[in-house]
Amino acid sequence: MYICPLCQAPLLQQAQQFRCPQRHSFDLAREGYVNLLPVQQKKSKDPGDNQLMMQARRQFLQAGWYQPVVTALIEQLSALAVSELLDLGCGEGYYSGQLQQALPALAINGVDISKAAIKAAAKQYPQVHFAVASSYQLPFAAASFDAILRIYAPSLDAELCRVLRDGGALFSVSPAPEHLKEIKAAVYPQVRLHSAEVVAIDGLQHVQRQRLSFSLQLPADDLKALITMVPLGWKFSPSALEHFIAGAPAISCDFYLDRYQKPLP
């Protein structure tokens, strides 16, 4: 299913390498992932979330705090009888792993620009195929998937449409207005709520929106992990972070799960 990120020709696996007819080759790592992010597509030496953010996200997610999101995704994927899914910007693989465990017949590919995250994902979830790759130039043939999962990940409309089959679905998870408003209030003099607008995607039709709202009373370690794993974490000084965690406020979680569909011809 992979295509060469340099020439877009099909990649064939030969032992521990993927090769294209132009003799571009990419090694299969010991952990089971392949790096398909050539230097030409990197904006920095080590793109993506750093090790600290990745570890914090893994700690928080594996504690099960965002289980309502997982449950909603499982319900919608099951209803559509999805067979091949792309997890776009999969990070350390938590959602891929949860979906594969709940839906063992589902074939999942996960991509992320963070090599550290993909390495961790491949080690923990060997049933999922992981690759280091750019979401702006996906290393997959056209019409490879009947569903795409996009949780906070950047993307290009044209690439989403290219790799999605006719009639296929995009599941997009994004922050709803009140998401993490207590954390925002600790670092900004005035809290600006997230937009409730449905984002248009060229080539896809918006067909459904589900709002997932819940409140979390987190232990100190997991509250610190949540703050560390989001961009808001950079706004805290060490003393401000300590003060906020000591106050142990309930945290508002507010998500939109939007489903888009690629029209049939």
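Scope of this entry: the structure provided in the associated data block.

1. Description of the side chain of Ser155
Right, on to step 1. Position of Ser155 relative to the elements: it lies in the loop between strand S8 (145-151) and helix H5 (157-163).
Right, on to step 2. A distance of 2.9 Å separates polar atoms of two side chains, one belonging to Ser155 and the other to Arg150.
Right, on to step 3. If near-sequence neighbours (up to four positions away) are discounted, Ser155 is found in contact with Leu88, Ser135, Tyr136, Arg150 and Leu160.

2. Notes on the packing of helix H7 (residues 220-229) against helix H8 (residues 238-247)
Right, on to step 1. Packing of H7 against H8 brings their axes to within 10 Å, and their N-to-C directions diverge by 135°. The angle between the axes of H7 and H8 places the two elements in the oblique class. Viewed along their axes, H7 and H8 form a crossing whose handedness is right-handed. Along the contact surface, H7 presents Ala220, Leu223, Lys224 and Ile227, while H8 presents Leu241, Phe244 and Ile245.
Right, on to step 2. When its residues are assigned to classes, the contact of H7 with H8 shows six nonpolar, no polar and one charged.

3. Quick look at the pattern of salt bridges
Right, on to step 1. In total, this model carries ten salt bridges according to the counting rule given.
Right, on to step 2. Between Glu31 and Arg30 there is a salt bridge whose closest N-O contact spans 3.5 Å.
Right, on to step 3. Using a relative accessible area of 76% as the deciding quantity, one classes Arg30 as exposed.
Right, on to step 4. One salt bridge connects Lys181 with Glu178, and the closest N-O pair in it is separated by 3.3 Å.
Right, on to step 5. On the accessibility criterion, Glu178 (34% relative accessible area) is partly exposed.
Right, on to step 6. Overlapping salt bridges bring together Arg30, Glu31 and Lys119 as one network.

4. Let's talk about the nonpolar core
Right, on to step 1. Of all hydrophobic cores here, the largest spans 55 residues; its most connected members are Tyr66, Leu73, Tyr95 and Leu226.
Right, on to step 2. Not counting the four nearest positions on each side in its chain, Leu73 is found in contact with Tyr95, Leu99, Leu149, Ile151, Phe171, Val173 and Leu257.
Right, on to step 3. In this structure, Ala9, Cys161, Leu170 and Tyr260 belong to the second largest nonpolar core, which totals 28 residues.

Rules used throughout
- Residues numbered from 1 in each chain as written.
- Predicted model: local features only at pLDDT ≥ 70, side-chain atom pairs only at ≥ 80, totals over all residues.
- Heavy atoms only, no water.
- Helix = DSSP H or I, 4+ residues; strand = E, 2+ residues; numbered from the N terminus.
- Polar contact = N/O pair within 3.5 Å; in protein donor to acceptor, adjacent residues only side chain to side chain.
- Contact = heavy atoms within 4.5 Å.
- Axes fitted to C-alpha atoms, helices over the stretch in contact; angles between N-to-C directions.
- Parallel < 35°, antiparallel > 145°, perpendicular 65-115°, else oblique.
- Left-handed = near helix turned anticlockwise from the far one by under 90°.
- Nonpolar A, V, L, I, M, F, W, Y, C, P; charged D, E, K, R; others polar.
- Salt bridge = Lys/Arg side-chain N within 4 Å of Asp/Glu carboxyl O.
- Buried < 20%, exposed > 50% of the residue type's maximum accessible area, 1.4 Å probe, protein only.
- Core = buried A, V, L, I, M, F, W, Y, C linked by side-chain atoms within 4.5 Å.

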